[in-house]
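What follows is each chain in one-letter form.
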Amino acid sequence: MASRTERILIIDADEKARADLSRYLEARGFYVTGFPDVAAAKSLFDDNTPDVIFADLDPEAIRDLAGRLEESETFTPIVACSSTESSADVVTALRAGAADFVLKPCSDDKGALDDVIGKLLDRVRVNRLNQLYRQELEEANRDLRDGIAELRADQRAGRKVQLRMLPDREQMMGGLHVDHLIKPSLYLSGDFLDYFRISEDKLLVYIADVSGHGASSAFVTVLLKNLTNRLQRNLRRQSSDDILYPERFLERINSELLDTGLGKHVTVFVGIISESERKLRYAVGAHFPMPILSFEGGSTAFLEGSGLPVGLFEAPQWDVYEVTLDKPFRLLLFSDGILEVIRAKSLDEKEKTLLELVSGGSHTIASLNEALSLDGITELPDDIAIVSVTDTIKRSDSTSHK
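Analysis parameters
- Residues numbered from 1 in each chain as written.
- Predicted model: local features only at pLDDT ≥ 70, side-chain atom pairs only at ≥ 80, totals over all residues.
- Heavy atoms only, no water.
- Helix = DSSP H or I, 4+ residues; strand = E, 2+ residues; numbered from the N terminus.
- Buried < 20%, exposed > 50% of the residue type's maximum accessible area, 1.4 Å probe, protein only.
- Contact = heavy atoms within 4.5 Å.
- UniProt positions renumbered as here; feature names shortened; annotations may be inferred.
- Phe/Tyr/Trp six-rings, centres within 6.5 Å; stacked < 30°, edge-to-face > 60°.
- Pairing = 2+ DSSP bridges.
- Axes fitted to C-alpha atoms, helices over the stretch in contact; angles between N-to-C directions.
- Parallel < 35°, antiparallel > 145°, perpendicular 65-115°, else oblique.
- Left-handed = near helix turned anticlockwise from the far one by under 90°.
- Nonpolar A, V, L, I, M, F, W, Y, C, P; charged D, E, K, R; others polar.

Details of the overall build of the chain
Thought 1: The secondary structure content of the chain amounts to 11 helices and 16 strands.
Thought 2: Across the 402 residues of the chain, 45% fall into the buried class.
Thought 3: Counting only contacts in the chain whose residues sit at least 6 apart along the sequence, the fraction spanning at least 24 positions is 66%.

Put into structure tokens, the structure is as follows:
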């Protein structure tokens, strides 16, 4: 018979019985070693654990041997060999840790012996495969944990970059007080906002929500910041005045998003406030909900307007809307996350509730947060962005209408 790779150990003080069983197993192609006792076989355990052990030992010795094998985390079945035919002895040997029992002389019943060996080696192979799969799974889990830790570190680093791209909070820009809040649902956010002066007279403010979440969406926010910086630089150099026009601002974002090939689009609201003209000119790139404009002592309403999302179409066009700011005003821009926290069933009811909150005096981020807390929400949740613009210059009725 061809040589096999399985190793069988025989422990038997009876030299003749040991030799007879060894010859039979070697004739079957197994690699066989034999020792008179466990102590003599010690070096074999240290160097190369066998696949199966045939042992003529008392129950206590079998128990010790089985415990040793278990401690080494090696599945090596023990076949108890004995000339006794007592069922009590058989049960005792099995309880001590033997996987099976054969009567001596073992090689007399060749069919039964072959069946025992075949069955046990099948169990050994299955167990070794399970050990291998378990090790591979542990390694995969270890790699996964390392990967998650690295991803979290990258997310934290990316979040720091995003935070540094945001404008300073609580800014006075001429007669306008501007503030914002942004709380992402993940370390990296697809929500973004910015505001800055484009002249001594004009303030540009926009809020954007990139489709999806994670790194690719966060990359688009970097693109937005980079684009606004370039457009401001172009205006200073007088090479382009695109940033002065809301619709052209959206066209530039649209063009650059298509060029990236990321398959990302954004919803954007962009507005330009002229303090001298007392006007707000704006364009809407499918942003929702619309900003709320509130006049001191007067009306509070959502701005009108609609438009296509940005980054989906080759040559879209956006309408420009204009509102006269003839009284001190407050302007609030929201991401759609604000509607998720309002406890109302329909979208219309959510918008109505939001409008009522602002009409009731919740026209700053802090006051809006306080109003929501009365509804059982302790603070504004994640995945939300808000910009607040407040006209701080008080005017008499005669001057406010000039």
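Examining the UniProt feature "modified residue: 4-aspartylphosphate" (unreviewed entry) in the chain
Thought 1: Per the UniProt record, "modified residue: 4-aspartylphosphate" (unreviewed entry) is found at Asp56.
Thought 2: With relative accessibility at 29%, the residue aspartate 56 sits in the partly exposed group.
Thought 3: In contact with aspartate 56, not counting residues within four places along its chain, are Ile11, Asp12, Cys81, Ser82 and Lys104.

Side note on the packing of aromatic side chains
Thought 1: Under the counting rule described, the total for this entry stands at four aromatic pairs.
Thought 2: Consider the rings of phenylalanine 192 and tyrosine 206, whose centres lie 6.4 Å apart with planes at 50 degrees: the pair is tilted. You can see phenylalanine 192 sitting in strand S8 (residues 191-197) and its partner tyrosine 206 sitting in strand S9 (residues 202-210), a full 14 residues away along the chain. The pair phenylalanine 192 / tyrosine 206 is uniform in exposure class, with both members buried.
Thought 3: For the pair tyrosine 206 and phenylalanine 249, a centre-to-centre distance of 5.5 Å together with 50 degrees between the ring planes defines the contact as tilted.

Focus on the sheet that holds strand S15 (residues 329-334)
Sheets are built from strands paired through backbone hydrogen bonds, the pairs being either parallel or antiparallel.
Thought 1: Pairing is antiparallel across the open sheet formed by six strands, whose spatial order is S6-S7-S16-S15-S12-S13. Strand pairing shows two members of the sheet lacking a second neighbour, strand S6 (171-173) and strand S13 (300-302), which therefore form its edges. The average angle at which neighbouring strand axes cross in this sheet is 20 degrees, direction not considered.
Thought 2: In terms of strand pairing, S6 meets strand S7 (residues 176-183) through three bridges, oriented antiparallel. When the sheet's bridge partners are listed, methionine 173 is paired in S7 with leucine 176.

Structural notes on the packing of helix H3 (residues 59-71) against helix H4 (residues 87-96)
Thought 1: In the contact formed by H3 and H4, the axes pass within 8 Å of each other and the chain directions differ by 20 degrees. In this view, H3 runs roughly parallel relative to H4, as classed from their interaxial angle. Note that H3 runs across H4; the crossing there is right-handed. Taking contact as the criterion, the partners of Pro59, Ile62, Arg63 and Ala66 in H3 are, on H4, Thr92, Ala93 and Ala96.
Thought 2: Taken together, the residues that form the contact of H3 with H4 break down as five nonpolar, one polar and one charged.

What about unusual backbone geometry?
Thought 1: Here lysine 104 and proline 105 are connected by a cis peptide whose omega angle stands at -5 degrees.
Thought 2: Note that proline 105 resides in the loop between strand S5 (100-103) and helix H5 (110-165).
Thought 3: Geometrically, the link from phenylalanine 288 to proline 289 is a cis peptide bond, its omega value of 0 degrees lying close to zero.
Thought 4: You can see proline 289 is positioned in the loop between strand S11 (279-285) and strand S12 (292-295).
Thought 5: Here arginine 278, not a glycine, exhibits a phi torsion of approximately 55 degrees, which is positive.
Thought 6: Mapping arginine 278 onto the fold places it in the loop between strand S10 (266-274) and S11.

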